[in-house]
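# Summary of structural features
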Amino acid sequence: MKPRKAMEAKKENTAIHTMIDSRMPTQINSSNEGESAAPGFHERINIRPEVSILSVLQYLNYKPWYALAEFVDNSLQSFLSNHSDIEQTSGSVVRLRVDIELDTSASGRLIIRDNAAGIAARIFPSAFKPAERPLDRSGLSEFGMGMKCAACWLARHWSVRTKALHESVERTVSFDVSDIVQNRIEEVSIKVRSAPPDFHYTEVILDGLHRIPLGRTVTKIKEHLASIYRNYLRSQVLELYWNREPLQFQEATPLTAPYYKTPQAEAVLWRKEIDFDFGQGQTARGFAALREKASVSNAGFALFRRNRLIEGSGEDGYRPEAIFGKSNSYRYQRLYGELHLDGFAVSHTKDGFRWEEHEELFLEFLEKKLNAEPLCLLAQAEEYRVRPSKKSLEAGARNAAIRTAEVIERDVPQILEHEIDTGPDPSAPPEHLVPALSLATERSIDVLLRGKPWRIILELTTDPGISDWVSVSDRAPSHENGTERRCICVRLSLAHPFTDRFGGVDAASIEPLLRLAAAIGLSETAARESGVQMAGTFRRTINELLREALCKP
């Protein structure tokens, strides 16, 4: 089986993990863990061990949405751990609100704000030490590296301003990573000022971004964050904003249709619950379903741990080949679901599971569940076909007609004039085609036509020196083992400009073009057999039109 993304990330980060693990402190040392400092005074925190760790964090195997998710994780954990206190203080129902703001001017700035419970004085020192694991690792904050890793990966300078619930001071701490590393600074100052005890918030400011998100990257960040926190958004525990725009997860509509073998039967909902235990405390529960509308980018499983998505967000759905097949399969485009896994470790960047040797067993259990009666999801996904609606067909037809009409008006007239007025009469097809330098594949089919044996050869070539889109040869009957057999060869060029523009690399894209080429070649042969004069003109004109006109945008 191919190694999963999480295992690749683990391998790439081995050096960093080794450095972190070898220097884990045995206890927290702080110059001041309480809040006894007078307003305006400065506390200090020790950020050992080995501040040089901070300089390598920007090279971690992160994606921007997983880096930003670290801050959302901290906000969520703070809110969930102190939910009752927050609501008791406010006297009303409170939802967690996390705002992420991006400023792309100058060197770039990101701001993350929340109304969670803040960072309390008792955990403040450990919150800023690299590799300082929290005592409670059962929630979303378990490695003691999330905020530090993400902040150093995203920016050169970062600061945290926080006010903990029930405390009377606000604390601000700032990091200049280059200065800390170059001067081997082991303590940083905390700016302290007074604040009302019932205030609670945290603001993280990241300045001098290593990578400023732009264009499509911003769109992907929003899609992935909504996907990662879909459970908290659904339950309305969390309100997540990007530049004041609320993020919402787009739910897929499951397929309701008859079983493909009995199309006249009553339609059923193609969705089933998944729940299995394969020992050693490892379990999976959730659902699997088929999408009403197939999608190459949005199918696949989303894998969760502790209610937070770990793998399979956005267009990166978890689609192991053992379950989904190749990317051109119908299963790949229609099967999706959500599975909550317990008993599995995750990478410290929380972007993949550390399967070790257990993924193959997990997939065996999953495949059995997906194919179990009465809903055989894999079979239905592979064989069911949806007839396009009249409205979608009409829209597609209009767009195709507009584009094709423009090309015909611009490029076709001179080609047709040349073919009709000055083109020579086409001769009969040659007995043998010019050998192609690179043959993609060849298939021979022996058939009986009008009681006589024929051999039809389908040939596909990637030779750019073959100028015709479709070529035909017609060999006179020859004797094979006492049988007189006629041989027709139809060749399709995969290196032709028309195939380059409208074809693809998978079978689903190539097959319709090959069938059309076969139809042209065999129709020409049948026309000539029926006495049609100049039957090759049709094929020759098609080749000219496809090369000189209809391949153009």
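Along each chain, the written sequence defines residue order, and numbers are assigned to residues from 1. With the structure being a predicted model, the display of local features is reserved for residues of pLDDT at least 70 and the display and counting of side-chain atom pairs for 80 or more, all residues being used for whole-chain, interface and lining totals. Excluding hydrogens and water, the side-chain figures rest on all heavy atoms present in the structure.

## Some thoughts on the nonpolar core
Where we set the bar: Here, the term nonpolar core denotes a set of buried Ala, Val, Leu, Ile, Met, Phe, Trp, Tyr and Cys residues that are joined through side-chain atoms within 4.5 Å. A simple rule labels every residue: compare its accessible area, found with a 1.4 Å probe on the protein chains alone, to the largest value its type can have, and call it buried under 20%, exposed over 50%, or partly exposed in between. Only runs of H or I of at least four residues qualify as helices and only runs of E of at least two qualify as strands under DSSP, and these elements are numbered from the N terminus. Whether two residues are in contact is decided by their heavy atoms: any pair within 4.5 Å suffices.
Ile100, Phe128, Leu206, Tyr229 and Leu240 are the most contacted members of the largest nonpolar core, which has 64 residues in total. In terms of residue count, helix α4 (residues 64-81) provides more of this core than any other element does, nine residues in total. Discounting chain neighbours no more than four positions away, the residues touching Leu206 are Phe71, Gly108, Arg109, Leu110, Ile112, Ala151, Leu154, Ala155, His157 and Trp158. By size, the runner-up hydrophobic cluster in this structure holds 32 residues, among which are Leu255, Ala284, Tyr332 and Ala381.

## Observations regarding helix α18 (residues 536-548)
Residues spaced three or four apart along an α-helix point in a common direction, a consequence of the helix completing one turn every 3.6 residues. Our working rule: Expected span of a helix: the number of residues minus one, times 1.5 Å.
For α18, which comprises 13 residues, the first-to-last C-alpha distance of 18 Å matches the rise-based estimate of 18 Å (1.5 Å per residue) to within 8%. Residues of α18 that are buried: Gly536, Arg539, Thr541, Ile542, Asn543, Leu545 and Leu546.

## Some remarks on the sheet that holds strand β12 (residues 271-277)
Formally: Pairing between strands is defined by DSSP: at least two bridges between the two strands are required. Note on geometry: axes are lines fitted to C-alpha atoms, helical ones only across the stretch in contact, with angles between N-to-C directions running from 0 to 180 degrees.
Ordered in space as β12-β13-β16-β14-β15, the five strands form an open sheet in which the pairing is mixed. The outermost strands of the open sheet, each flanked by one partner alone, are β12 and β15 (308-311). The mean inter-strand angle of the sheet, taken between neighbouring strand axes irrespective of direction, is 25 degrees. Looking at chain direction, β12 and strand β13 (residues 283-290) are connected through seven bridges and run antiparallel. Within the sheet, the bridge partner assigned to Lys272 lies in β13 and is Ala288.

## Notes on the environment of Thr89
Note the threshold: Counting of polar contacts relies on pairs of N or O atoms within 3.5 Å, with two restrictions inside protein: one atom must be capable of donating a hydrogen and the other of accepting it, and residues adjacent in sequence are counted only when both atoms are side-chain atoms.
Take Thr89: it is sitting in helix α5 (residues 83-90). For Thr89 and Phe199, which are 110 residues apart along the polypeptide, the C-alpha to C-alpha distance reads 9.3 Å. The residues touching Thr89, leaving out its near neighbours within four places in the chain, are Leu165, His166 and Asp198. At 2.8 Å, the side chain of Thr89 forms a polar contact with the backbone oxygen of Asp85.

These values are about where atoms sit, not about what they do.
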